[in-house]
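Notes for the structure review
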Amino acid sequence: MSNPNLARRYLCYDLETCFVNKGCTRGQTKILEVAFKTGKRSYQRLVNPLPVYSNAKEIIDGLEKLNQHAEKTVHFWTKLLIGKKALPSSLRRKNVIEKAEAISTLLKRSDIAMSYNKHVRNGMMQSLARHEDDEIKAKNDIRKDEDSFDQLFYSAEEAIRGMLQKAEGIDIWVAHNGKAFDEKVLKGHDHNFDHVTFIDSLQVLKYLLPGLVSYSQPLLYQHLFNKKYFAHHALEDAVALHKIMDHALKGKCVLEEHESIQRKKEEKKKKRYSKIHPESTLYTLKGIGEKTVEKLYKKDIKTDEELLLLVNTISFDAWCRDFSFVHKHKKFFTDHCTVGSNTAIV
């Protein structure tokens, strides 16, 4: 067991994002909010992913140009901002144009507030709302008690750069389902994460807390602590995940647990292939399992190099005729064939 005093510090982070269009990669997904939590340190920023946003049309057109699904994104963005009391709840019943117009107003208001001293920006944001964006009236009604009510919007670059600066000295970043989503979205932005070890809490918690009905973060939190939290808001999600991880780790080092789990997975994988030619490098190719290896050996193909050489020397028709037993054999051929004359449209 790890010594709690030697356990490496980690942070839990979360992103709220746009809905990317079908056919796009996770890395093309644009961010709407970033946050992290570790110990006494926390960080949160609302993000404006758009270059222009003076009206509803520019909001919708801008999202489409960025390969984001405009309608789904506007509905979710509105829900997110209503939850933060930045927009009135009555907007839930409005159409996508009215919602986009309200978001546009907020973004423009934030631009005005950001032009003021950093100590009064949040107060200016609230004052502009009270005075219907009359800047002259608003700047004479800035209230100090509103200074911590942060509804300012930053560019994704500013938000992530601030995240990296605030997280300085902490190189283990944990997110729930992060391997499939959050990590890929972050890496899709132009920042250096080479120093960061990304860990997916979903994988870790399945080992540390086995046998649960669901590993959805809100349900997991409710199961462990018998209460709910304000889910699907970045900071609240990050705080909740940090509490879950602290509970599950019980003082152990998250990095050691993660590495131990990866080793167990590799051992399990090796055992799975232990009966049929375990020495074969064919198993390193995606989609190649025991049955396929057995059939390939009968054709005197025993290594990944031999199979890839075959793919690049045989015709597509011959491959489909003689090697249809390979999992998704057409896709396998097109993925691995580097000789132009052998490729085919499938």
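This text gives an overview of the structure that appears in the document. (Residues numbered from 1 in each chain as written. Predicted model: local features only at pLDDT ≥ 70, side-chain atom pairs only at ≥ 80, totals over all residues. Heavy atoms only, no water.)

Once that is clear, we can look at the environment of proline 210. By the element assignment, proline 210 lies in the loop between helix H8 (201-208) and helix H9 (217-225). Through-space distance from the C-alpha of proline 210 to that of glutamine 28 is 34 Å; in sequence the pair is 182 residues apart. Once residues within four sequence positions are removed from consideration, proline 210 is found in contact with Leu205 and Tyr215. (Helix = DSSP H or I, 4+ residues; strand = E, 2+ residues; numbered from the N terminus. Contact = heavy atoms within 4.5 Å.)

On to the nonpolar core. Counting 32 residues, the largest nonpolar core has Ile59, Trp77, Leu81, Leu87, Ile103 and Phe153 as its most contacted members. Every element with two or more residues in this core is listed here: helix H1 (56-65), helix H2 (70-83), helix H3 (96-114), helix H4 (121-130) and strand S4 (153-154). Residue contributions to this core peak at 7 residues, all from H2. With sequence-adjacent residues up to four places away left out, tryptophan 77 is seen in contact with Leu32, Val47, Asn48, Pro49, Leu50, Ile103, Leu107 and Phe153. (Core = buried A, V, L, I, M, F, W, Y, C linked by side-chain atoms within 4.5 Å. Buried < 20%, exposed > 50% of the residue type's maximum accessible area, 1.4 Å probe, protein only.)

What follows deals with the sheet that holds strand S6 (residues 197-200). In spatial order, the strands read S4-S3-S2-S1-S5-S6; together these 6 strands make up an open sheet with mixed pairing. For this open sheet the edge positions go to S4 and S6, each flanked by a neighbour on one side alone. Of the strand pairs in this sheet, strand S2 (residues 31-38) and strand S3 (residues 41-47) are connected by 6 bridges, and their pairing is antiparallel. Bridge pairing in S3 links threonine 38 to arginine 41. Helix-sheet contacts for helix H6 (residues 156-166) involve strand S1 (11-17), S2, S3, S4 and strand S5 (172-175), and the interaxial angle to S3 is about 175°. (Pairing = 2+ DSSP bridges. Axes fitted to C-alpha atoms, helices over the stretch in contact; angles between N-to-C directions.)

Counting buried positions along S2 yields 8 of 8 residues, so the element is predominantly enclosed. With 6 bridges connecting them, S1 and S2 associate as antiparallel partners. Looking at S2, one finds that cysteine 12 is bridged to lysine 37. Connecting S2 to the next strand, S3, in antiparallel fashion are 2 residues, including glycine 39 with a positive phi near 55°.

Bringing H3 into the picture now. For H3, spanning 19 residues, the distance from its first C-alpha to its last is 27 Å, which sits close to the expected 27 Å at 1.5 Å a residue. Contacts from the buried residues of H3 go to H1, H2, H4 and S4. At the N-terminal end of H3, a side-chain oxygen is found 3.1 Å from the backbone nitrogen of isoleucine 97, two or three residues along, and the residue is asparagine 95. (Expected span 1.5 Å × (residues − 1). Polar contact = N/O pair within 3.5 Å; in protein donor to acceptor, adjacent residues only side chain to side chain.)

It is worth spelling out the pattern of salt bridges at this point. The tally for this structure, following the rule as stated, stands at 10 salt bridges. Of the charged contacts in the structure, one is a salt bridge between aspartate 61 and lysine 57, with a shortest N-O distance of 2.6 Å. Here aspartate 61 and its partner lysine 57 are both found in helix H1, 4 residues apart, which amounts to about one turn of the helix. Residue aspartate 335 is joined to lysine 331 by a salt bridge in which the shortest nitrogen-to-oxygen separation is 2.7 Å. Of the two residues, aspartate 335 and lysine 331 are both situated in helix H15 (residues 329-336); the distance of 4 residues between them amounts to about one turn of the helix. Given a relative accessible area of 48%, aspartate 335 falls into the partly exposed group. Take lysine 331: its relative accessible area is 47%, and that puts it in the partly exposed class. In the salt-bridge network here, residues are joined through shared partners; they are Arg130, Asp141 and Arg143. (Salt bridge = Lys/Arg side-chain N within 4 Å of Asp/Glu carboxyl O.)

The analysis is restricted to geometry; functional conclusions fall outside its scope.
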